[in-house]
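What follows is the residue order along each chain.
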Amino acid sequence: NKPYIYRVSTVFHFWGQHMLTRGRHVHGSLLGGTAAPSLPPRMHSSRIRVQCRSSSPSIHNPALLPSFLGSSFQVPPIGLGLAALGRPGYINLGHDRAIRAKTVEDMKQQSWEVLDTAYELGVRYFDAARSYGMAEDFLSSWLEKRGLEPSQCLVGSKWGYYYTAGFKVDTGGQPHEIKDHSRSRLEDQSAKSNQLLGSHLNLYQIHSATLESGVLQSKEVLEGLEQLSKEKGWRIGLSLSGPKQADTLKAAMNVRTSDGQPLFSAVQATWNLLEQSAGDALLEAKQAGMEIIVKEGLANGRLAGVNPDPGFVPKQSLLSNVAQSYNTTVDALALAVVLSQQFKPMVLSGACTVDQLRSNMQAIDLASRLREHDIESLQSLLKQDADFYWGERSALPWN
């Protein structure tokens, strides 16, 4: 554990405008465009102090994800999910304090601020859904305002829930969104997603597929998804929820197209320090060639230092102490553990403020410094039963 001095030829510099990777100049966007200018003089022939630690096959050291969703460029392993940015009401703890105002225009401006910051920090994957209020609309208008070409970013969206809250927080006890995995809903929502996101859209996902919904056994829906893939060039994925995520994923991996190929090339699942039940299935999917996207890495705020549950205090103290030992934030620590998993995920930040996003992005650097025993301790001591976890989640109030 003594610090050593190394001359390094690989420098990852996520937060600036330049990156130098294995001797090749790579622009922060890497978007198949022009080569980046030379690095500032202070970064040439750098002598960098690094902390030596033993490597372990159980730990993934994230840097850039190569060919994510078939891209021609590499991307940082954190993307931006828009669930909390497209509507005034959501179940994240503290959402009411993070949203400045609740009109459509105010929320559009806040989402654009976060999107701008995300892009400047290197984020290149953006994830929306038809049921995230105005998320697709905000993302579409931001892409146009920013003048981004399809070759400059990656976009995923989802169908299968429709938004019913009317841009209100208090719905009088009525649901904010309703699930519908029918072929007619697929056709309606895919047409709207295509209208808004068009050629920017890379990945189209079933929203919260479960065994109980029957969507993976619906011949007409699966045929519709295959048709979209062929006609639009979209990759087809599914997001998971509930304590049976692993079982649903294994069933999805057996779904084949008319020519015998796997229909689903990506899965978006919940995995965090509290809910780890899908880990083995995600690794199996990764080894089979699927892209892994992780949502709710902070457990809807329960791992972000704002958990009000008195019973969580000992676990919160553990998280805080470990975070302090690395001179980082609790949220960055929790996300860094997700990034360190062997299934090599793209991890979604659910930030709805610039400060939240900047804090979340620290996880990329932190993941390369985490000690194996800290990862193992955190996973062991914070892990919850899947049924208990999802029961708690279902009780989170919209705010």
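See above for the structure.
Residues numbered from 1 in each chain as written. Predicted model: local features only at pLDDT ≥ 70, side-chain atom pairs only at ≥ 80, totals over all residues. Heavy atoms only, no water.

What follows deals with the nonpolar core. In terms of nonpolar packing, the biggest core is built from 102 residues, with Leu80, Phe126, Leu225, Phe264 and Leu303 touching the most fellow members. The element best represented in this core is helix α9 (residues 330–339), accounting for nine residues. Setting aside residues up to four positions removed in sequence, phenylalanine 264 forms contacts with Ile206, Leu216, Leu222, Leu225, Ile236, Gly237, Leu238, Ala252, Val255 and Met290. Membership of the second largest hydrophobic core comes to twelve residues, among which are Leu69, Phe73, Tyr125 and Leu203. (Core = buried A, V, L, I, M, F, W, Y, C linked by side-chain atoms within 4.5 Å. Buried < 20%, exposed > 50% of the residue type's maximum accessible area, 1.4 Å probe, protein only. Helix = DSSP H or I, 4+ residues; strand = E, 2+ residues; numbered from the N terminus. Contact = heavy atoms within 4.5 Å.)

Residues Met346 and Leu348 line one face of strand β14 (residues 346–349) and the alternating positions Val347 and Ser349 line the opposite face, and both faces are buried. The pairing of strand β5 (residues 78–81) with β14 spans three bridges and is classified as parallel. The residue bridging isoleucine 78 from the neighbouring strand is valine 347, located in β14. Here strand β13 (residues 291–295) runs beside β14; their pairing, made up of two bridges, is parallel. Paired with valine 294 across the strands is valine 347, a residue of β14. (Pairing = 2+ DSSP bridges.)

It is worth spelling out the environment of alanine 251 at this point. If you trace the backbone, alanine 251 turns up in helix α6 (residues 245–253). With a relative accessible area of 23%, alanine 251 lands in the partly exposed category. Along the primary structure alanine 251 and glutamine 217 are separated by 34 residues, whereas in three dimensions their C-alpha atoms are 9.5 Å apart. Here alanine 251 is in contact with Leu211 and Leu216, once residues within four sequence places are set aside.

Okay, the sheet that holds strand β7 (residues 154–159) next. Spatially, eight strands are ordered β5-β6-β7-β10-β11-β12-β13-β14 in a closed barrel, and the strand pairing comes out parallel. Each strand of the sheet is rotated relative to its neighbour by a mean of 25°, with strand direction disregarded. Sheet topology note: the β5/strand β6 (residues 125–127) ladder contains two bridges and is parallel. Bridge pairing in β6 links leucine 80 to phenylalanine 126. (Axes fitted to C-alpha atoms, helices over the stretch in contact; angles between N-to-C directions.)

In total, this model carries seven aromatic pairs according to the counting rule given. Ring centres 5.3 Å apart and planes at 80° place the aromatic pair tyrosine 389 and tryptophan 390 in the edge-to-face group. In this pair, the class of tyrosine 389 matches that of tryptophan 390, namely buried. The aromatic ring of tyrosine 162 is capped on one face by arginine 185, whose charged end is 4.0 Å from the ring centroid. The ring of tyrosine 389 carries the charged tip of arginine 302 above its face, separated from the ring centre by 4.4 Å. (Phe/Tyr/Trp six-rings, centres within 6.5 Å; stacked < 30°, edge-to-face > 60°. Lys NZ or Arg CZ within 6 Å of the ring centre and 35° of its normal.)

The subject of this paragraph is the environment of aspartate 247. Its place among the elements puts aspartate 247 in helix α6. The spacing of aspartate 247 and threonine 210 is 37 residues in sequence and 8.8 Å in space, taken between C-alpha atoms.

For the structure on display, the rule yields 17 salt bridges. The residue arginine 146 makes a salt bridge to aspartate 116 at a minimum N-O spacing of 3.0 Å. Taken as a pair, arginine 146 in helix α3 (residues 135–146) and aspartate 116 in helix α2 (residues 104–120) lie far apart in primary sequence, 30 residues in all. The shortest N-O distance in the salt bridge between arginine 302 and glutamate 392 comes to 3.2 Å. Linking arginine 302 in the loop between β13 and α8 (313–325) with glutamate 392 in helix α12 (residues 386–394), this pair joins segments that are 90 residues apart in sequence. Here glutamate 392 falls in the partly exposed class, since its relative accessible area comes to 24%. The structure contains a network of salt bridges with shared partners spanning Asp116, Lys145 and Arg146. (Salt bridge = Lys/Arg side-chain N within 4 Å of Asp/Glu carboxyl O.)

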